[in-house]
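Residues per chain are reported as follows:
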There are 2 protein chains.
Amino acid sequence: MARDLDKLQRSILRMAGAVEEAIYQATRALQERSPSLARQVVEGDSQIDNLENEVQDECLKILALHQPVAVDLRRCCAVLLICTDLERMGDLAVGIAERAIVLSKLPQPAIPDRVARMTHGATRMVRMSLDAFVHQDAEAARAVIRMDDEVDEDNAIIITELIGGMKTTADQIEAGLSLFSAVRHIERIADHATNIAEDVIYLVEGELVRHHPEAITRV
Amino acid sequence: MARDLDKLQRSILRMAGAVEEAIYQATRALQERSPSLARQVVEGDSQIDNLENEVQDECLKILALHQPVAVDLRRCCAVLLICTDLERMGDLAVGIAERAIVLSKLPQPAIPDRVARMTHGATRMVRMSLDAFVHQDAEAARAVIRMDDEVDEDNAIIITELIGGMKTTADQIEAGLSLFSAVRHIERIADHATNIAEDVIYLVEGELVRHHPEAITRV
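A brief report on the enclosed structure follows. (Residues numbered from 1 in each chain as written. Chains lettered and ligands numbered in written order. Predicted model: local features only at pLDDT ≥ 70, side-chain atom pairs only at ≥ 80, totals over all residues. Heavy atoms only, no water.)

## Some remarks on the overall build of chain A
A count of helices and strands for chain A gives seven helices and zero strands. Each helix and strand of chain A, ordered N terminal to C terminal, gives the series α-α-α-α-α-α-α. Taken against the 2.2 N^0.38 rule, which gives 17 Å for 219 residues, the C-alpha radius of gyration of chain A at 19 Å falls within 12% of a compact globule. Based on the C-alpha atoms only, the size of chain A along its principal axes is roughly 60 × 40 × 20 Å. By the burial criterion, 56% of the 219 residues in chain A qualify as buried. Pairs at least 24 apart in sequence give 83% of the contacts found in chain A among residues at least 6 apart. Per element, the accessible surface of chain A, about 9,000 Å² overall, is 51% carbon and sulfur. Charge separation in chain A, taken as the distance between the mean sites of 24 positive and 37 negative side-chain charges, equals 2 Å. (Helix = DSSP H or I, 4+ residues; strand = E, 2+ residues; numbered from the N terminus. Rg over C-alpha atoms; globule rule 2.2 N^0.38 Å. Buried < 20%, exposed > 50% of the residue type's maximum accessible area, 1.4 Å probe, protein only. Contact = heavy atoms within 4.5 Å. Areas by Shrake-Rupley, 256 points an atom, 1.4 Å probe, with all protein chains shown as cover. Lys, Arg positive; Asp, Glu negative; His and termini not counted. Charge placed at Lys NZ, Arg CZ, Asp CG, Glu CD.)

## Here's the deal with the side chain of Arg188 of chain A
Looking at the element boundaries, Arg188 of chain A is found in helix α6 (residues 173-205). Put simply, Arg188 of chain A is tucked away with no salt bridge, and the nearest opposite charge, on Asp191 of chain A, sits 6.2 Å away. Ignoring anything within four residues of it in the chain, the contact list for Arg188 of chain A reads Leu92 of chain A together with Arg188 of chain B. (Salt bridge = Lys/Arg side-chain N within 4 Å of Asp/Glu carboxyl O.)

## Examining the relation of the copies chain B and chain A
Between the two copies of this chain, the relationship is a rotation about some axis together with a displacement along it. Once chain B is rotated about the relating axis by 180° and shifted along it by 0.0 Å, it coincides with chain A to within an RMSD of 0.0 Å. Here the transformation between the copies is reduced to the relation of a two-fold axis. Within chain B, the C-alpha atom positioned nearest to the axis of rotation is that of Gln67 of chain B, 3.0 Å from it. A shared interface surface links the copies, since 100% of the contact residues of chain B are contact residues in chain A too. (Least-squares fit on C-alpha atoms with pLDDT ≥ 70 in both.)

## Regarding the pattern of salt bridges
Once their charged atoms are close, side chains differing in charge can pair, the charge on each being opposite to the other. Enumeration over the complete set of coordinates arrives at 24 salt bridges over all chains. Measuring nitrogen to oxygen at the nearest pair gives 3.3 Å for the salt bridge that ties Arg142 of chain A to Glu139 of chain A. With Arg142 of chain A and Glu139 of chain A both in helix α5 (residues 138-168) and three residues apart, the pair spans about one turn of that helix. Take Arg142 of chain A: its relative accessible area is 0%, and that puts it in the buried class. Judged by relative accessible area, Glu139 of chain A falls into the partly exposed class, the value being 37%. One salt bridge connects Arg127 of chain B with Asp131 of chain B, and the closest N-O pair in it is separated by 3.1 Å. Of this pair, Arg127 of chain B and Asp131 of chain B both sit in helix α4 (residues 113-134), separated by four residues, roughly a single helical turn. The class for Arg127 of chain B is partly exposed, based on a relative accessible area of 38%. Within the structure, one salt-bridge network assembled from shared partners comprises Glu20, Arg127 and Asp131 of chain A.

Quick look at the structure:
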């Protein structure tokens, strides 16, 4: 079983790498108004879907063949949940890329500086949640969960600014709506990183922390 | 183990019932401009979160104590995935309710008729995906997956109309953006119903169909 579990670990990390790359490229395509970069993300999504299938297959095979217990069982369940989050992050990266393609054709206003800051926060959460998984570090996972508030705050401020811009300039409505959508996607990527962090805490401590705020703030 | 599996089935169905009710109330609050109904949805979300915790706990206990195989193992894994989708549907219902509260305060234009149609399609998908789960009916699950295209089409048409309205009337921007957001939430509820349908096919046929379009159209 140890060999199969090692293989599973490598597969989920390969998937995580592909998803991180997609998020990085999509957000860069947005900032740099690069439709060609954005198209790469859209085209690369089927690879992420295939990786998800592989990971799920491996997980279910391990559960069926080896009937793991304790930490091995938790590892399989955590991987099953994490790969669902990763796949959705991949879809969100595609969504951002699609908005980037639309925006590159529009006479859009400058993208607010805060979008770069928010993107940085969200991608950092993704990276840290995966590191926490690799190192089975529940404290690092709790730090990720706490970071989500900042991303949510940036999101709220950006949306208020966008509404202001759209009200004064009717030309900006289409671009504003696409940017609104892209920003919401970034926020949801951060939410999925939070889910992964919660799964890491379950993996390490055997305790479900989703919807248990007291388990997150505990140091 | 049979008793624990029966209990798990009852728990996930209780959670599904609460989520369906939240979606129904949230979309009604939107259509009827009822902030009080919307607030009920927001307040009821912690109950759904608690039910998710219960279902996950029961699932993991069954996996750890009874080490199920074959269809029982698939049932536990399917329930674990389905309850994640249900919880997110609950969050989306809260999102719709929050938009309904904002919209009830704004001098909004009439909500396009197509929103009611789209809502009907999405809630039907939710109902049918859960029925497919209860009856372990893979064909019914495939029908749900095929319905998603219609909801996506309604979503695209509504958004084009909303952009048109916002361009001609600057007063409508805030309301338009809230409605845009609510409509996207409805679309995502339909996506989660699709996920549940995919999990049902896995449960019944032991085959993962996510990202395997050929497995969906097969009759």
